[in-house]
Amino acid sequence: MQNNHIPPAPIAPADFQRALLHWYDGARRDLPWRAGPGEKPDPYKVWLSEIMLQQTTVKAVIPYFETFVTRWPTAEALAAASRDEVLAAWAGLGYYSRARNLYACAQAAARRGFPSSEAALRALPGVGAYTAAAIAAIAFDEPAAVVDGNVERVVARLFAVGEPLPAAKPAIRKLAATLTPKDRPGDYAQAMMDLGATICTPRSPSCLVCPVRRFCVAAAEGDARRFPVKAPKTAKPVRRGDAFVIVRREGSDPHILLRRRKDKGLLGGMMEVPCSEWAADAHKAASAPDGTWRYGRTVQHTFTHFHLEMRVLAAHHDAVRPAAEAFGGDWAAIANLSAFALPAVMKKAVASGLEALGVEHPGVRPSPKAAQKSSDVDIIRKRISRMPPR
Ligand code: SF4
């Protein structure tokens, strides 16, 4: 990055917008939810993509977006699906409350039509300030200030905002609003997003080719990467628990015990193998019902607010029959697991447990070595505590 030591002139919004939109007209990303130049955006596609993009990358979202719009091309079609179908199609994309809210939103939109103002969009389930502004700007050309992580970074650099995030968010939002145009606000919002995603990237901003470099204080100071300033991170706590993978043979067709998580809370409404509580206190988590269990590989998974280390205990149904009954739930054909809304952490637990038992299923090839190793550590546990269904 070059330091020219010439401070930029205070940003004149009209000049800034002109420079940015000129660049966008030639360099815009071609994304499946984006209308082409001169085309009218489809509010359903804009809304669906914005919900999917919350906390998730464009690359990860594209295949999910394409599956959804192929299967459910309108909000009405999505509303007519069952919630389980929607959750199953979402599985793997994470942050599952978004899928539940998406479904609730589709139902509201099917009944009352799609709201078109930022304020009305904000009233939809799971639509926060950013998402409402983005949909209002992109789908309905409302001059709403759209500030996602990319835009936050660009604005923090343009104005060299010294206050650390997250405390600086309101100030950055105000600065972003001063730049938002009345003309072409949808293109402007997408241009800012594209600038943040392709030029003003977190670790290596390409200031030399940046279309708005002449307005940028951070670039003039030669220290773009210093912004946005971030408050020191606190370490995520670790929680521990057990997952129980129980397999029953029905002829040659193995089934696994699954149950549904409560609607509210983490992974709400998704399917799971029976689990203990996930607790910070390892002793609280270390409990298993009576039966003959094999250990699988311990599953590591990181959620927004904590890391999870989950032991996997696997068993054939006959070896843990009373425990299986106490867990509740239903038997699902392992060959048909992709039809169930299993979040990533549960897929890891299932893979680990099936591997320990030497049971194959699509996508999981148990290694004979791993199965042998697991059988060496067969354990018989006296009941320490019985797990209530979650
Ligand atoms: Fe970002 Fe550099 Fe452009 Fe400033 S000049 S907006 S720091 S890429």
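Note that the structure is predicted; figures quoted are calculated from it, not measured. (Residues numbered from 1 in each chain as written. Predicted model: local features only at pLDDT ≥ 70, side-chain atom pairs only at ≥ 80, totals over all residues. Heavy atoms only, no water.)

We now examine the overall build of the protein. When its secondary structure is counted, the protein shows 16 helices and 8 strands. By sequence separation, contacts in the protein at least 24 residues apart represent 72% of the contacts at least 6 residues apart. For the protein, the exposed surface amounts to about 18,700 Å²; the carbon and sulfur share of it is 53%. (Helix = DSSP H or I, 4+ residues; strand = E, 2+ residues; numbered from the N terminus. Contact = heavy atoms within 4.5 Å. Areas by Shrake-Rupley, 256 points an atom, 1.4 Å probe, with all protein chains shown as cover.)

In total, this model carries 2 cavities of 30 Å³ or more according to the counting rule given. Roughly 100 Å³ of volume is contained in the largest cavity. The leading source of residues in the lining of the largest cavity is helix α9 (residues 149–158), at 3 residues. In terms of residue class, the lining of the largest cavity is made up of 12 nonpolar, 1 polar and 2 charged. Considering only enclosed or pocket space, the second largest cavity measures out at about 50 Å³ in volume. Lining the second largest cavity, in full, are Ala145, Val146, Val151, Val155, Ala176, Thr180, Tyr188, Ala189 and Met192. (1 Å grid on protein atoms, 1.4 Å probe; cavity = no way out; pocket = protein on both sides within 12 Å on 5 of 7 lines; lining within 4 Å. Points joined across faces, edges and corners; volume = space filled by probe spheres on them. Nonpolar A, V, L, I, M, F, W, Y, C, P; charged D, E, K, R; others polar.)

Attention shifts here to the environment of Ala106. Summarising the element assignment, Ala106 is placed in helix α6 (residues 97–112). For the pair Ala106 and Tyr44, spaced 62 residues apart in sequence, the C-alpha to C-alpha distance is 9.1 Å. With residues up to four places along the chain from it excluded, the contact list for Ala106 reads Trp47, Ala75, Leu78 and Ala79.

All right, on to helix α3 (residues 58–71) then. With 14 residues, α3 should cover 20 Å at 1.5 Å per step; its first-to-last C-alpha distance of 20 Å lies within 8% of that length. Regarding α3, the residues found buried are Val61, Tyr64, Phe65, Phe68 and Val69. The secondary structure elements touched by the buried residues of α3 are α2 (43–53), α4 (75–80), α5 (83–90) and α6. (Expected span 1.5 Å × (residues − 1). Buried < 20%, exposed > 50% of the residue type's maximum accessible area, 1.4 Å probe, protein only.)

This part takes up the site of the ligand. Residues in contact with the ligand, as listed here, are Arg157, Ile199, Cys200, Cys207, Cys210, Arg213, Cys216, Ala219 and Ala224. One can see that the ligand is located within the largest cavity. When the residues that make up the shell around the ligand are grouped by side-chain class, the tally is 7 nonpolar, no polar and 2 charged. (Near = heavy atom within 4 Å. Sits in = over half its atoms within 2 Å of the grid points.)

Bringing the layout of surface pockets into the picture now. One number sums up the size of the largest pocket: a volume of about 1,800 Å³. Top element by residues in the lining of the largest pocket is α9. It accounts for 5 residues. Partitioning the lining of the largest pocket into residue classes produces 18 nonpolar, 10 polar and 16 charged. Here the second largest pocket defines a volume of roughly 410 Å³. Secondary structure elements with two or more residues in the lining of the second largest pocket: α6, β5 (299–302) and α15 (344–357). Considering only residue class, the lining of the second largest pocket consists of 10 nonpolar, 11 polar and 1 charged.

Another aspect to go through is the nonpolar core. Formed by 116 residues in total, the largest nonpolar core has its most connected members in Phe16, Trp47 and Phe68. Looking at this core element by element, the count peaks at 9 residues for helix α8 (residues 129–140). Those residues in contact with Phe68, other than ones at most four positions away along the chain, are Tyr44, Leu48, Met52, Pro73, Leu78, Val86, Ala89, Trp90 and Leu102. Phe244, Ile246, Leu257 and Ala323 belong to the second largest nonpolar core, which has 11 residues in total. (Core = buried A, V, L, I, M, F, W, Y, C linked by side-chain atoms within 4.5 Å.)

Turning our eyes to something else, we now look at α6. Relative to the 22 Å expected for 16 residues at 1.5 Å per residue, α6 spans 22 Å between its end C-alpha atoms, a close match to the ideal helical length. Within α6, the full set of buried residues consists of Arg98, Ala99, Arg100, Leu102, Tyr103, Cys105, Ala106, Ala108 and Ala109. Taken together, the buried residues of α6 touch α2, α3, α4 and α5. Positive phi appears at Gly113, one or two residues downstream of α6, with a value of about 85°.

We now examine the packing of aromatic side chains. Across all of its chains, the model carries 10 aromatic pairs by this definition. Between Phe16 and Phe215, the aromatic rings sit 5.5 Å apart at their centres with planes inclined by 75°, giving edge-to-face as the arrangement. Here Phe16 is found in helix α1 (residues 13–27), whereas its partner Phe215 is found in the loop between α11 (185–198) and α12 (217–220), with 199 residues between them in sequence. Across the pair, exposure class does not vary: Phe16 and Phe215 are buried alike. Note on Trp33 and Phe65: the rings are 5.2 Å apart at their centroids and 75° apart in plane angle, and the pair reads as edge-to-face. (Phe/Tyr/Trp six-rings, centres within 6.5 Å; stacked < 30°, edge-to-face > 60°.)

Here we take up a positive patch on the surface. Side chains of Arg203, Lys230, Lys233 and Lys236 sit close together on the surface and give a patch of like positive charge. Mapping Lys230 onto the fold places it in the loop between α12 and β1 (238–250). (Patch = residues over 30% accessible without salt bridge, like charges linked within 9 Å, V, L, I, M, F, W, Y side chains within 5 Å. Salt bridge = Lys/Arg side-chain N within 4 Å of Asp/Glu carboxyl O. Lys, Arg positive; Asp, Glu negative; His and termini not counted. Charge placed at Lys NZ, Arg CZ, Asp CG, Glu CD.)

Attention now moves to the confidence of the model for the protein. Low pLDDT means the predicted atomic positions in that stretch should not be read closely. Residues of the protein with pLDDT of at least 70 account for 88%, and the chain-wide mean is 87. This model gives residues 363–390 a pLDDT under 50, and the stretch forms 69 contacts once residues within four places in sequence are excluded. (pLDDT = per-residue confidence, 0-100.)

For the structure on display, the rule yields 17 salt bridges. Taking the shortest distance from any N to any O, the salt bridge between Asp25 and Arg184 comes out at 2.7 Å. Of this pair, Asp25 sits in helix α1 while Arg184 is found in the loop between α10 (169–179) and α11, placing the two residues 159 residues apart along the sequence. Given a relative accessible area of 45%, Asp25 falls into the partly exposed group. Arg184 gets classed as partly exposed once you look at its relative accessible area, which sits at 26%. A salt bridge links Arg311 to Asp242; the shortest N-O distance between them is 2.8 Å.

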